[in-house]
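In case you want the letters, here they are:
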Amino acid sequence: MKPATFTDATFEAEVISSDRPVLVDVGANWCGPCRLIDPILKELAVEYAGRLKVGKMDFVPLIRRRSDTAFKACRPCCSSRMEM
């Protein structure tokens, strides 16, 4: 089992309205340091299948659309290299 992919369009249904706890890794798909956690997410998705929903969400569109400083602070490895 691999981690789910969450988007702005699916976030409400997949995360907010989920019937089980959700672990969301928010990062940039193109960022090397952000991708380092991928093997851990895959392991967690397998180990906790049916008990925990594990997924990823690309935060670049969120930053560009909302200019949310909370998202900018969550991954300084890549947000500092983005053009806003």
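Residues numbered from 1 in each chain as written. Predicted model: local features only at pLDDT ≥ 70, side-chain atom pairs only at ≥ 80, totals over all residues. Heavy atoms only, no water.

Points about the sheet that holds strand β1 (residues 4-6)
Piece 1. Reading across the sheet, the three strands line up as β1-β3-β2 and stay open at both edges, with parallel pairing between neighbours. In this open sheet, the two edge strands, each paired with only one partner strand, are β1 and β2 (22-27). Mean inter-strand twist for the sheet, computed between neighbouring axes without regard to direction, equals 30 degrees.
Piece 2. Where β1 meets strand β3 (residues 53-58), three bridges bridge the pair, whose relative direction is parallel. Counted as the bridge partner of F6 is M57 from β3. (Pairing = 2+ DSSP bridges. Helix = DSSP H or I, 4+ residues; strand = E, 2+ residues; numbered from the N terminus. Axes fitted to C-alpha atoms, helices over the stretch in contact; angles between N-to-C directions.)

Describing the environment of P39
Piece 1. Assignment of secondary structure puts P39 in helix α3 (residues 38-47).
Piece 2. Overall, the relative accessible area of 53% leaves P39 in the exposed class.
Piece 3. With 37 residues separating them along the chain, P39 and K2 place their C-alpha atoms 9.5 Å apart. (Buried < 20%, exposed > 50% of the residue type's maximum accessible area, 1.4 Å probe, protein only.)

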